[in-house]
Amino acid sequence: MRLEVEISGKTFRSAAGGTHEVLAPVKFALQSGEVGVLIGPSGCGKSTMLRIILGLDHDFAGRIARPPQARIGMVFQEPRLLPWRSVEQNVRLAAPDISDAKLSELFRILELEAHRSHFPGELSLGLARRVALARAFAVEPDLLVLDEPLASLDDALAGRLRDEIATLVGSRAVTTLLVTHSLDDAVRLGDRLFFLSPRPARILAEVPIAIPREARADAEIAAIKAGLARRIQGEQGDERAGRDVS
Amino acid sequence: MLRLLSFTLFLAIWWIAALLVGGAKLPSPPAVLQVMIAEASSGSLFLHLGATLARVALAFVLAMSLGSAIGYLMGRVKLADRLGDPWLILLLNLPALVVIVLAYIWAGLTEAAAIAAIAINKLPTAIVTLREGARALDRSLDEMASVFAMPRWRAFRHVVLPQLAPYIAASARSGLSLVWKIVLVAELLGRPNGVGFEIGVAFQLFDTPRLLAYSLTFAAVVLVIETLLVQPFEARANRWRPRAA
């Protein structure tokens, strides 16, 4: 499915009565099967944007175009599992039609076989995040949204989990939107990168990556990153000059 | 084991007190047991106990289901909360005796009046507890259910209901104890059977062994229901929580 996002603005009314602009006009589109990555500083409004795209927040100006019947798989920043249901039940409740074989396959890829009957309270954060991933993939989504799925994990685990995400995203064409502030994750997983400004968020740069994901070895990734770093520094320099931030 | 010890201690204190005070005011445990056996073998103990239990069950189910539904609504919908709140405060502070007497005056000395009066007494506490439960619901899990397009019933059963379970259990437990107390007053005032009626009779005759026989049997039934029904439900609802040290 194709995702079109055209937000012309989002303001947030604070308890004190003032209004804050969270999102500046933002416009982008993802083709079917494309992996888009939103990269921006903490608190720039990425999560707000995701909530709008997911249909959880209707209080904004603009429009989101996605097929109304599109199935969504979501990995929230915190795992958001049901603490009173086992790992397997958590996945099955989101994806009641999943076959036993598919579920086993998913649990095998994410190394969750031993934890099927555990409750989320008994899992480490890394495991809980994997369950959240399993749940998102189990619904066989048309649109997959990952909100910093690797945050607060150590590098080794984050690296392995990222490879697992790459495997799963590669196994079937699914339009994916990944939010991260790790350039490394973005370059390894993304097809199209969107760099966001600090709040109110707008798109500073849209960078497509031409090399297919499977063909990106460490050398290619380093080259892309170096190119990006130069570009970002240049743009941030412009930004500073333009805004005269003290 | 500890429970048994504590129960034996209770019996011992009772017996000693009975010896000190004298049988007319406080009969000894064997004297009460004798009355219990006599009433049981004539069948009237079970008749009265059954009548009381039936009233408790009906009033309890009525108040819990209605109170949970209203409380959930008030916790979720602001308008309902605004509209319902003054009524709730009125009901909460209305003395049980007033409700019972008015129910008997308006609806006659009928079974329906008794059960309705008991249920109305329990209703507001159930509403208050469930309203708190509904207010404490985790919105992030609601969002999760909505993003994954869970059908309403499935989301309610697996996302909402487990969060409400501790509140339902608390409301059931406090409600049950409230209903136990009020049912006897309602029976004393306007029913021709039930434990409350028998206690009224015993009071008029100053028949302490009979009074104790009925109230202690009643207390025993309450204890059994608490251990066999309420506690297992709570344990099941909380089985996912890590055990307290």
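Up top you'll find the structure we're talking about.
Conventions and cut-offs
- Residues numbered from 1 in each chain as written.
- Chains lettered and ligands numbered in written order.
- Predicted model: local features only at pLDDT ≥ 70, side-chain atom pairs only at ≥ 80, totals over all residues.
- Helix = DSSP H or I, 4+ residues; strand = E, 2+ residues; numbered from the N terminus.
- Buried ≥ 20, exposed ≤ 12 C-beta atoms within 10 Å, placed from the backbone.
- Contact = placed C-beta atoms within 7 Å.
- Pairing = 2+ DSSP bridges.
- Nonpolar A, V, L, I, M, F, W, Y, C, P; charged D, E, K, R; others polar.
- Axes fitted to C-alpha atoms, helices over the stretch in contact; angles between N-to-C directions.
- Parallel < 35°, antiparallel > 145°, perpendicular 65-115°, else oblique.
- Left-handed = near helix turned anticlockwise from the far one by under 90°.

A. Summary view of the environment of Leu56(A). With respect to the helices and strands, the residue Leu56(A) is situated in the loop between α1 (46-54) and β5 (61-65). For Leu56(A), a count of 16 C-beta atoms within 10 Å translates into the label partly exposed. Taking the C-alpha atoms as reference points, Leu56(A) and Arg116(A), 60 residues apart in sequence, are found 30 Å from one another. Dropping the residues within four chain positions of it, Leu56(A) is found in contact with Arg51(A), Glu143(B), Ser146(B) and Val147(B).

B. Just the pairing of strand β1 (residues 3-13) of chain A, in detail. All names here are of chain A. Sheet topology places β1 next to strand β3 (residues 26-30); 5 bridges connect them, and they run antiparallel. Along β3, the bridge assignment pairs Val5 with Phe28. Here β1 runs beside β5; their pairing, made up of 5 bridges, is antiparallel. Across the sheet, residue Val5 finds its bridge partner in β5, namely Ile64. Hairpin geometry of β1 and strand β2 (residues 19-23) is characterised by an intervening segment of 5 residues between the two adjacent antiparallel strands and by a positive phi of about 105° at Gly17.

C. Spatial organisation of the environment of Thr11(A). Residues and elements named next belong to chain A. When you line up the elements, Thr11 lands in strand β1. Accessibility expressed as a C-beta count within 10 Å gives 14 for Thr11, which makes it partly exposed. Taking the C-alpha atoms as reference points, Thr11 and Arg66, separated by 55 residues in sequence, lie 23 Å from one another. The contacts of Thr11, once residues within four sequence positions are left out, are Thr19, His20, Glu21 and Val22.

D. Region of the structure containing the interface of chain A and chain B. On the chain B side, the residues contacting the 15 residues of chain A number 14 residues. At the level of secondary structure, the elements contributing two or more residues to the side of chain A that touches chain B comprise β6 (72-75) and α2 (87-94) of chain A. Here the side of chain A that touches chain B is composed, by residue class, of 12 nonpolar, 1 polar and 2 charged.

E. Layout of the packing of helix α6 (residues 111-135) of chain B against helix α8 (residues 152-190) of chain B. All names here are of chain B. Running from amino to carboxyl end, α6 crosses α8 at an angle of 160°, the nearest separation of the two axes being 8 Å. If you check the angle between α6 and α8, you find them roughly antiparallel. As for the relative orientation of α6 and α8, their crossing is right-handed in sense. Between α6 and α8, the contacting residues are Ala114, Ala117, Ile118, Asn121, Lys122, Thr125, Ala126, Thr129, Leu130, Glu132 and Gly133 on the first element and Leu164, Tyr167, Ala170, Ser171, Ser174, Gly175, Leu178, Val179, Ile182, Val183, Ala186 and Gly190 on the second. Tallied by class, the residues present in the contact of α6 with α8 amount to 13 nonpolar, 8 polar and 2 charged.

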